[in-house]
Amino acid sequence: MRTPIIASNWKLHKTRKESREFLNQFREKVKYISETEIALAPTYTSLDIVANGLEGTGIKLCAQNVYFESEGAFTGEVSPEMLAEIGTKYVIVGHSERRQIFRETDGMINKKISAVFEQGMKPILCIGETEDQRKQGKTESVLQNQLRNDLRGLDPEQVSETIVAYEPIWAIGTGESASPADAQAGCKFVREQIKKIVSKEAGEKVRLQYGGSIKPHNARELMSQPDIDGGLVGSASLDPDSFAEIISITEDLTKTP
Ligand code: 13P
């Protein structure tokens, strides 16, 4: 059985004060969650607030980005050591906003993933196609290339510990999620590819998230798909009620036979 994992991605939202307020409400709402892993990804300036606020809760700290070098003349960057030092467990790598706005390449993403593992953390690797690529029938080849290039050189154990988030770019921030069937098809394809490229065991073990306009009203159908092991939630994770509801729906599913 793969343990479901729901992670927030706050993107460029929430001051330190707002992060504290969120936590004060959120912690109470998810107290009873035992079968679903939860991770919160605030901005860098709120990481320590969230780290302190999560002490003793079992909720994991997640960073939204990292650089692959450990130190040096890299103005504006943060190293894996620095993230690990404050208790970060997961790092989002290769989000489409970083690929598109900040021109991150698969080569850089591949180096980031290795650097994250070297510091004992785990990557949440985001992959997904644009609307144009989808219309042109290129979804599978895009996913295949991203997986091949981003996971290159990792051992099977590392791949099985990577979380891969299938985030179709056309579904991000639009309020229109992929249909449960499309989200399942994307995740199934990713799992099959990992079985092929890496190993059958890694493909069976790897946890796959869907991301793109997950909301309380669509979470049940999306999270009940057989190849979807969790979600990466953007805007709905900014509100403690809606994020806790998505988690509670996921938890419920672990208890329904
Ligand atoms: P939304 O949930 O706002 O569509 O964002 C999804 C996302 O990009 C998570 O990484």
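First, a word on scope: everything that follows refers to the structure included in this document.

Thresholds applied
- Residue positions are given per chain, counting from 1 as you read along its sequence in written order.
- Local features in this predicted model are restricted to residues of pLDDT 70 or higher, and side-chain atom pairs are both shown and tallied only at a pLDDT of 80 or more, whereas totals for entire chains, interfaces and linings draw on every residue.
- Side-chain metrics rest on all non-hydrogen atoms present in the structure, leaving aside hydrogens and water.
- What counts as a helix is a DSSP run of H or I of at least four residues, what counts as a strand is a run of E of at least two, and both are numbered from the N terminus.
- The globule rule used for comparison is 2.2 Å times the number of residues to the exponent 0.38, while the radius of gyration itself is calculated over C-alpha atoms.
- Only protein chains enter the calculation, and the probe is 1.4 Å; a residue is then buried if its accessible area is under 20% of its type maximum, exposed if over 50%, and partly exposed in between.
- Residues are treated as being in contact if the distance between any of their heavy atoms lies within 4.5 Å.
- Each accessible area is a Shrake-Rupley estimate made with a 1.4 Å probe; only the visible protein chains count as cover when residues are assessed.
- By the counting rule applied here, Lys and Arg register as positive and Asp and Glu as negative, while His and the ends of each chain are not counted.
- To locate a charge, take atom NZ for lysine, CZ for arginine, CG for aspartate or CD for glutamate.
- In these notes, a set of buried Ala, Val, Leu, Ile, Met, Phe, Trp, Tyr and Cys residues joined through side-chain atoms within 4.5 Å is what counts as a nonpolar core.
- Only a pair of cysteine sulfur atoms within 2.5 Å qualifies as a disulfide here.
- We call two N or O atoms a polar contact when they sit within 3.5 Å, provided that within protein one can donate a hydrogen and the other can accept it, with sequence-adjacent residues counted only if both atoms are side-chain atoms.
- What makes a residue near a molecule or strand is one non-hydrogen atom of that residue sitting within 4 Å of it.
- Each residue receives one of three labels: charged for Asp, Glu, Lys and Arg, nonpolar for Ala, Val, Leu, Ile, Met, Phe, Trp, Tyr, Cys and Pro, and polar for the others, Gly being one of them.
- Here a Phe, Tyr or Trp ring, Trp counted by its six-membered ring, pairs with any other such ring whose centre lies within 6.5 Å, and the pair is stacked when the planes are under 30 degrees apart, edge-to-face when over 60, and tilted otherwise.
- Geometrically, a lysine NZ or arginine CZ counts as sitting over a ring once it is within 6 Å of the ring centre and also within 35 degrees of the ring normal.
- Here, a salt bridge means any Lys or Arg side-chain nitrogen found within 4 Å of an Asp or Glu carboxyl oxygen.

1. A few points about the overall build of the protein chain
- When helices and strands are tallied, the protein chain shows 12 helices and 8 strands.
- Relative to its length of 257 residues, the protein chain is compact, with a C-alpha radius of gyration of 17 Å against a globular reference of 18 Å.
- Overall, the protein chain is about 50 × 45 × 35 Å in size when its C-alpha atoms are taken along their principal axes.
- Evaluated residue by residue, the protein chain yields a buried proportion of 52% over its 257 residues.
- Taking the contacts inside the protein chain whose residues are at least 6 apart along the sequence as the reference set, 72% of them involve residues at least 24 apart.
- For the protein chain, the exposed surface amounts to about 11,900 Å²; the carbon and sulfur share of it is 48%.
- Positive and negative charge centroids in the protein chain, built from 32 and 38 side chains respectively, lie 1 Å apart.

2. What about the nonpolar core?
- By size, the foremost hydrophobic cluster in this structure holds 59 residues, and its most contacted members are Phe-26, Leu-40, Ile-194, Tyr-210 and Phe-243.
- Look past the residues within four positions of Ile-194 in its chain and what remains in contact with it is Leu-147, Leu-151, Val-159, Val-164, Ser-199, Ala-202, Gly-203 and Val-206.
- Within the second largest apolar cluster, 12 residues are counted, among which are Ile-5, Ala-7, Ala-41 and Leu-232.

3. Details of the state of the cysteines
- Counted according to the given criterion, the structure contains 0 disulfides.
- This cysteine, Cys-62, is not joined by any disulfide, and Cys-126 carries the nearest cysteine sulfur, 9.0 Å off.
- In this structure Cys-62 comes out as buried when scored by relative accessible area, which is 0%.
- Cysteine Cys-187 remains unbridged, with the sulfur of Cys-126 as its closest cysteine sulfur at 12 Å.

4. Brief notes about the environment of Glu-37
- With respect to the helices and strands, the residue Glu-37 is situated in strand β2 (residues 37-40).
- As for Glu-37 and Ser-96, which are separated by 59 residues in sequence, their C-alpha atoms are 23 Å apart.
- Beyond its immediate sequence surroundings of up to four residues, Glu-37 is in contact with Thr-3, Pro-4, Ile-5, Ile-6, Lys-60, Tyr-90 and Arg-207.
- At 2.5 Å, the side chain of Glu-37 and the side chain of Tyr-90 are in polar contact.

5. Quick notes on unusual backbone geometry
- One non-glycine residue with positive phi stands out, namely Lys-14, at about 80°.
- Locating Lys-14 in the fold gives a position in the loop between β1 (5-8) and α1 (16-29).

6. Some details on the site of the ligand
- Residues in close proximity to the ligand include Asn-9, Lys-11, His-95, Glu-167, Ala-171, Ile-172, Gly-173, Gly-212, Ser-213, Leu-232, Gly-234 and Ser-235, which together make up its full environment.
- Taking Glu-167, its side chain carries an N or O atom lying 2.9 Å from an oxygen atom of the ligand.
- With respect to the ligand, the backbone of Gly-173 contributes an N or O atom lying 2.6 Å from an oxygen atom.
- Protein burial of the ligand: of its 310 Å² of free accessible surface, 98% is covered by the chains.
- In the shell around the ligand, the residues fall into 3 nonpolar, 7 polar and 2 charged.

7. Remarks on the packing of aromatic side chains
- Per the counting criterion, the structure on display carries 5 aromatic pairs.
- One aromatic cluster is present, formed by Trp-10, Phe-22, Phe-26 and Phe-243 through successive ring pairs.
- The positively charged end of Lys-14 is found above the aromatic ring belonging to Trp-10, 5.3 Å away from the centroid.
- Of note, Arg-98 hangs over the ring of Phe-102, and the distance from its end group to the ring centre comes to 4.2 Å.

8. Remarks on the pattern of salt bridges
- Applying the stated rule across the entire model yields 20 salt bridges.
- A salt bridge links Glu-28 to Lys-31; the nearest nitrogen and oxygen atoms lie 3.1 Å apart.
- Arg-98 is paired through a salt bridge with Glu-104; the nearest N and O atoms lie 2.6 Å apart.
- Judged by its relative accessible area of 7%, Glu-104 falls in the buried class.

9. Overview of helix α2 (residues 47-54)
- Of all 8 residues in α2, 6 are buried, a share of seventy percent or more.
- Those residues of α2 lying buried are Leu-47, Ile-49, Val-50, Ala-51, Gly-53 and Leu-54.
- Against the buried residues of α2 lie α1, β2, β3 (60-63) and α3 (80-85).
- Just downstream of α2, Gly-56 is the residue with a positive phi angle, here 80°.

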